Amino acid sequence: MSGKKVIITGVPGVGKTTVINSAFDKITAEGVKYQNLNFGSFMFEVAQAEGLVADRDQMRKLDRIAQKRLQKTAAEKIAAIDGNVIVDTHASVKTPNGYLAGLPEWVVSAIMPDVIVLVETDNDQILGRRLSDETRVRDLEGSKSIAEHQEMNRAFAAAYSMLTGCTVKIITNADFLLDKAVDELAATLR
């Protein structure tokens, strides 16, 4: 298969989706073609097509074996897409029992990304964004906890790079500098 596979991650509230959508619009206007996929949504579509779930809320109720198989199937389908693909997902998921790999070995090895992009910014900026976003219900965390999660994302991204040989790119999405982050991601996608 030909094409570039780019996985883009970031902690909740960093503005990852905003950066992705703006960069996607920019490169599309330039004639650069990508499919922009959210891994969770793609996984849901696979589960729905197999008749396992009727709605997205049922996904988390599937047993671990079914979840793992769905992740692998979704990753294999993404890998089989001919052309450039953006995969919007999480490098790690913070759970009450610790950090969980957002891209377990069977997912990252199937996709074989060319680059993993970490969208980051100052921990206090993320905290401010989370507190002002009334459209989402997020766990309350302090700046120190957000810093830890960003550090864990870097560690997971390094491990994914070791498994696949991809590069890791860090893009800062600082307050009032969205255009800079968008330009940097667009350059990575070209």
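Above this text you will find the structure in question.
Residues numbered from 1 in each chain as written. Predicted model: local features only at pLDDT ≥ 70, side-chain atom pairs only at ≥ 80, totals over all residues. Heavy atoms only, no water.

So, about the overall build of the protein chain. Helix and strand counts for the protein chain stand at seven helices and seven strands. Beginning at the N terminus, the succession of helices and strands in the protein chain can be written as β-α-β-α-α-β-β-β-α-β-α-α-β-α. Computed over its C-alpha atoms, the radius of gyration of the protein chain comes to 16 Å, within 12% of the 16 Å expected for a compact globule of 190 residues. Seen through its C-alpha atoms, the protein chain measures out along the principal axes to roughly 45 × 40 × 30 Å. (Helix = DSSP H or I, 4+ residues; strand = E, 2+ residues; numbered from the N terminus. Rg over C-alpha atoms; globule rule 2.2 N^0.38 Å.)

This paragraph deals with the nonpolar core. Grouped together as the largest cluster of nonpolar side chains are 30 residues, with contacts concentrated most on Phe39, Phe42, Met59, Ile78, Ile111 and Tyr160. Those elements that place two or more of their residues in this core are α2 (39–49), α3 (64–79), β3 (85–88), α4 (105–111), β6 (115–120) and α6 (143–164). (Core = buried A, V, L, I, M, F, W, Y, C linked by side-chain atoms within 4.5 Å. Buried < 20%, exposed > 50% of the residue type's maximum accessible area, 1.4 Å probe, protein only.)

On to the packing of helix α5 (residues 123–132) against α6. Contact geometry of α5 with α6 gives a least axis separation of 9 Å together with a crossing angle of 110 degrees. One element, α5, and the other, α6, form an angle in the roughly perpendicular class. α5 and α6 meet at a crossing whose hand is right-handed. For the pair formed by α5 and α6, the contact residues are Asn123, Asp124, Ile126, Leu127 and Arg130 on the first element and Ser143, Ile146, Ala147 and Gln150 on the second. (Axes fitted to C-alpha atoms, helices over the stretch in contact; angles between N-to-C directions. Parallel < 35°, antiparallel > 145°, perpendicular 65-115°, else oblique. Left-handed = near helix turned anticlockwise from the far one by under 90°. Contact = heavy atoms within 4.5 Å.)

The computed volume of the largest pocket comes to approximately 1700 Å³. Surrounding the largest pocket, 42 residues form its lining, Gly40, Arg56, Thr89, His90 and Val93 being those nearest its centre. Elements with a contribution of two residues or more to the lining of the largest pocket: α1 (16–29), α2, α3, β4 (92–95), β5 (98–101) and α5. A per-class count over the lining of the largest pocket returns 13 nonpolar, 15 polar and 14 charged. (1 Å grid on protein atoms, 1.4 Å probe; cavity = no way out; pocket = protein on both sides within 12 Å on 5 of 7 lines; lining within 4 Å. Points joined across faces, edges and corners; volume = space filled by probe spheres on them. Nonpolar A, V, L, I, M, F, W, Y, C, P; charged D, E, K, R; others polar.)

For α2, the complete set of buried residues consists of Phe39, Phe42, Met43, Phe44, Val46 and Ala47. The opening residue of α2 is Asn38, an N-cap whose side-chain oxygen sits 3.0 Å from the backbone nitrogen of Gly40. Positive phi appears at Gly51, one or two residues downstream of α2, with a value of about 75 degrees. (Polar contact = N/O pair within 3.5 Å; in protein donor to acceptor, adjacent residues only side chain to side chain.)

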